[in-house]
Amino acid sequence: MITKMKGTYDVIEDIGYMQEIEKKMMTVSRLFQYREIRTPHFEASSLFHRSVGETTDIVSKETYDFIDRGKRDNTLRPEGTAGVVRAFIENKLYADKVQPQKYFYYGSMFRYERPQKGRFREFRQFGAEVFGSNDPLIDAEVIAYAVTFLKALKIKDVTVHLNTLGDQESKANYREALINHLKGGVDGLCHDCQKRFHDNPLRILDCKVDQENPLLINAPHPIDYLIDEDRAHFNNVLDALKAMQINYEVDQRLVRGLDYYTHTVFEIKVSKDLLGNQNTICGGGRYNNLVETLGGPVTPAVGFAFGIERLIVALKAANITTPDAAMHVYFLTLGEAARLVATKLMQRFRIGGLMCNMDYLDKSMKAQFKQSDHQNARFVVIIGEQEVAENTVNIKDQNTSESYTVSSGDAYHKIMELLLQGSGCEDCDKGAK
Ligand code: ATP
Ligand code: MG
């Protein structure tokens, strides 16, 4: 037997959670006025090298790369921002009438990582990107959008951790201070960090191995190297979060693992009780230079990305359930003529908006009853020889155990009446009696 590839999984039992997440994502995105964008699952490898950065973990050791039959270098997308930025530039969205441009995306990402709880090789992200505004209120809006999405999913106990790196000048000042601080002790850091020291010293702060090393704990903080303008930007973000009553913690050690961030960076974590060490469910920040780096006009931008698998684990750990997949009608039939009547009625019912099913395995009446139960049918519609002869059906409401015999032409209306009972519509209530 051929089995699934390491680090991948089939969505079967969790589909209810995934669909609930997708539904809330759509609703909240509308509220915040972000439009969906769908970009390809593979792009030119150079796109990720130039955006995510050569020296990041993602590009240096996690991408799925392949050369196609036309000898082109392709990479399965490891994250969503690079593709969206490419699309923004290629489709000249900077010239669109609507500004700033606000997008969200949803779909699979691919990273060759060591699989563990909450870490897969194909996983899904819901992300958002705003292009064209450097307003700190937009940084705050993006955070509010992420937090509101979690609220819609009823996930509590979340904290927004944020920090700022400042723009290029502040970042360069900080980089220098960090190099000075680290240079005496680099030998005591992990192998990766020794390399990072030369290529990309900021990454060292994000190292999972050296987190508790005193050299890192005592490292200087980006906040202390900000130029006034960048400090003001950050303070405005914090003021907006306060105004929206969004709880946050400034985490001076937060830098995030990608090269392109400037100014605000943030992560949303759920309590460790829910997710253990893999408890970061969302990461994001401002990236004011990426559009230009990839060949577009100077365009400030900010975004976030949620990991859907970790969200599902968090939903389960918090005992949040999704509504049972219920349906309206299961047809119980006895004999060929009855099956044809059921087929005809079922098509009419389905067009009329009722979710229906019937038996296709020639099961006994008892076994069909069991199926109606397994499939959570609210009603069973029984059609036997007598019903066929009299052109009637027998409707049983599983909620009340009441039965009704009606002509087959009235069956749809009867079921609609019963469904609408108690909905606050007086006419329906009267009609159903
Ligand atoms: P981590 O530090 O956990 O490796 P990251 O910084 O690599 O995360 P991002 O690139 O910011 O993660 O992606 C955003 C979110 O996507 C993460 O917060 C996480 O929830 C999720 N995520 C990242 N990698 C994986 C993976 N391999 N499997 C499942 N979810 C993932
Ligand atoms: Mg990672």
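Residues numbered from 1 in each chain as written. Chains lettered and ligands numbered in written order. Predicted model: local features only at pLDDT ≥ 70, side-chain atom pairs only at ≥ 80, totals over all residues. Heavy atoms only, no water.

Details of the overall build of the chain
Stage number 1. Of regular secondary structure, the chain possesses 17 helices and 16 strands.
Stage number 2. Each of the three principal axes of the chain carries a C-alpha extent, and together these read 95 × 55 × 45 Å.
Stage number 3. When burial is assessed residue by residue, the chain has 49% of its 433 residues classed as buried.
Stage number 4. Partitioning the contacts of the chain with sequence separation of at least 6, the portion at a separation of at least 24 is 69%.
Stage number 5. Accessible surface, the chain as shown: approximately 22,300 Å² in total, 50% of it carbon and sulfur.
Stage number 6. Averaging the positions of the 54 positive and the 59 negative side-chain charges in the chain gives two centres separated by 3 Å. (Helix = DSSP H or I, 4+ residues; strand = E, 2+ residues; numbered from the N terminus. Buried < 20%, exposed > 50% of the residue type's maximum accessible area, 1.4 Å probe, protein only. Contact = heavy atoms within 4.5 Å. Areas by Shrake-Rupley, 256 points an atom, 1.4 Å probe, with all protein chains shown as cover. Lys, Arg positive; Asp, Glu negative; His and termini not counted. Charge placed at Lys NZ, Arg CZ, Asp CG, Glu CD.)

Points about the packing of aromatic side chains
Stage number 1. If you walk through the whole model with that rule in mind, you get 21 aromatic pairs.
Stage number 2. Ring geometry for tyrosine 64 against tyrosine 112: centres 5.7 Å apart, planes inclined by 75°, an arrangement best described as edge-to-face. With tyrosine 64 in strand 3 (residues 64-67) and tyrosine 112 in the loop between strand 5 (101-110) and strand 6 (122-131), this residue pair connects regions lying 48 residues apart in the sequence.
Stage number 3. For tyrosine 112, a relative accessible area of 44% gives the class partly exposed.
Stage number 4. For the pair phenylalanine 149 and phenylalanine 306, a centre-to-centre distance of 5.0 Å together with 65° between the ring planes defines the contact as edge-to-face. Of this pair, phenylalanine 149 sits in helix 5 (residues 136-152) while phenylalanine 306 sits in strand 11 (residues 301-307); the two residues are 157 residues apart in sequence, bridging distant segments of the chain. You'll find phenylalanine 149 and phenylalanine 306 in the same group, each marked buried. (Phe/Tyr/Trp six-rings, centres within 6.5 Å; stacked < 30°, edge-to-face > 60°.)

Points about the site of ligand 1
Stage number 1. Taken together, 15 residues sit near ligand 1, with Arg111, Glu113, Phe120, Lys208 and Arg256 positioned nearest.
Stage number 2. Threonine 280 is positioned such that a nitrogen or oxygen atom in its backbone is 3.1 Å from an oxygen atom of ligand 1.
Stage number 3. Between an oxygen atom of ligand 1 and a side-chain N or O atom of arginine 310, the distance comes to 3.2 Å.
Stage number 4. Listed by contribution, the elements that provide at least two residues to the shell around ligand 1 are strand 6, strand 10 (280-286) and strand 11.
Stage number 5. Top element by residues in the shell around ligand 1 is strand 10. It accounts for 3 residues. (Near = heavy atom within 4 Å. Polar contact = N/O pair within 3.5 Å; in protein donor to acceptor, adjacent residues only side chain to side chain.)

Looking at the sheet that holds strand 14 (residues 377-383)
Stage number 1. If you walk across this open sheet you meet the 5 strands as 13-12-14-15-16, and the pairing is mixed. Every interior strand has two partners, whereas the edge strands, strand 13 (356-358) and strand 16 (403-407), have only one. Pairs of neighbouring strands in the sheet enclose a mean axial angle of 25°, with direction left out of account.
Stage number 2. When strand 12 (residues 327-333) meets strand 14, the two strands line up parallel, connected through 6 bridges. Counterpart to phenylalanine 331 in the pairing with strand 14 is valine 381.
Stage number 3. In the packing of helix 13 (residues 336-351) onto the sheet, the strands contacted are strand 12, strand 13, strand 14 and strand 15 (392-397), and the crossing angle to strand 13 comes to about 165°.
Stage number 4. Docked against the sheet, helix 16 (residues 411-420) engages strand 12, strand 14, strand 15 and strand 16, running at close to 155° with respect to strand 14. (Pairing = 2+ DSSP bridges. Axes fitted to C-alpha atoms, helices over the stretch in contact; angles between N-to-C directions.)

Details of the domain arrangement of the chain
Reports of interface size often rely on the accessible area that becomes lost once the parts have come together.
Stage number 1. By domain assignment, the chain separates into domain 1 (15-166 + 226-317) and domain 2 (327-422).
Stage number 2. Between the C-alpha centres of domain 1 and domain 2 there is a distance of 48 Å. (Domains from an automatic or database assignment.)

Things to note about the packing of helix 5 against helix 9 (residues 228-243)
Stage number 1. Contact pair helix 5 / helix 9: the axes reach a minimum separation of 8 Å and the direction vectors enclose 45°. Considering the angle they form, helix 5 stands oblique to helix 9. In the packing of helix 5 onto helix 9, the handedness of the crossing is right-handed. Residues Pro136, Leu137, Asp139, Ala140 and Ile143 of helix 5 pack against His233, Asn236, Val237, Ala240 and Leu241 of helix 9.
Stage number 2. Split by residue class, the contact of helix 5 with helix 9 holds 7 nonpolar, 2 polar and 1 charged. (Parallel < 35°, antiparallel > 145°, perpendicular 65-115°, else oblique. Left-handed = near helix turned anticlockwise from the far one by under 90°. Nonpolar A, V, L, I, M, F, W, Y, C, P; charged D, E, K, R; others polar.)

Quick look at the pattern of salt bridges
Stage number 1. What the rule picks out here adds up to 19 salt bridges.
Stage number 2. Aspartate 57 is the partner of arginine 196 in a salt bridge, and the nearest nitrogen-oxygen pair spans 3.1 Å. In this pair, arginine 196 is assigned in helix 7 (residues 191-199) and aspartate 57 in helix 3 (residues 57-62), connecting sequence segments 139 residues apart.
Stage number 3. Of the residues examined, aspartate 57 reaches a relative accessible area of 29% and is grouped as partly exposed.
Stage number 4. Here arginine 286 makes a salt bridge to aspartate 139, at a shortest N to O gap of 2.7 Å. One end of the pair, arginine 286, is in strand 10; the other, aspartate 139, is in helix 5, with 147 residues separating them in the sequence.
Stage number 5. One continuous salt-bridge network, built from bridges that share partners, spans Asp57, Lys61, Asp192 and Arg196. (Salt bridge = Lys/Arg side-chain N within 4 Å of Asp/Glu carboxyl O.)

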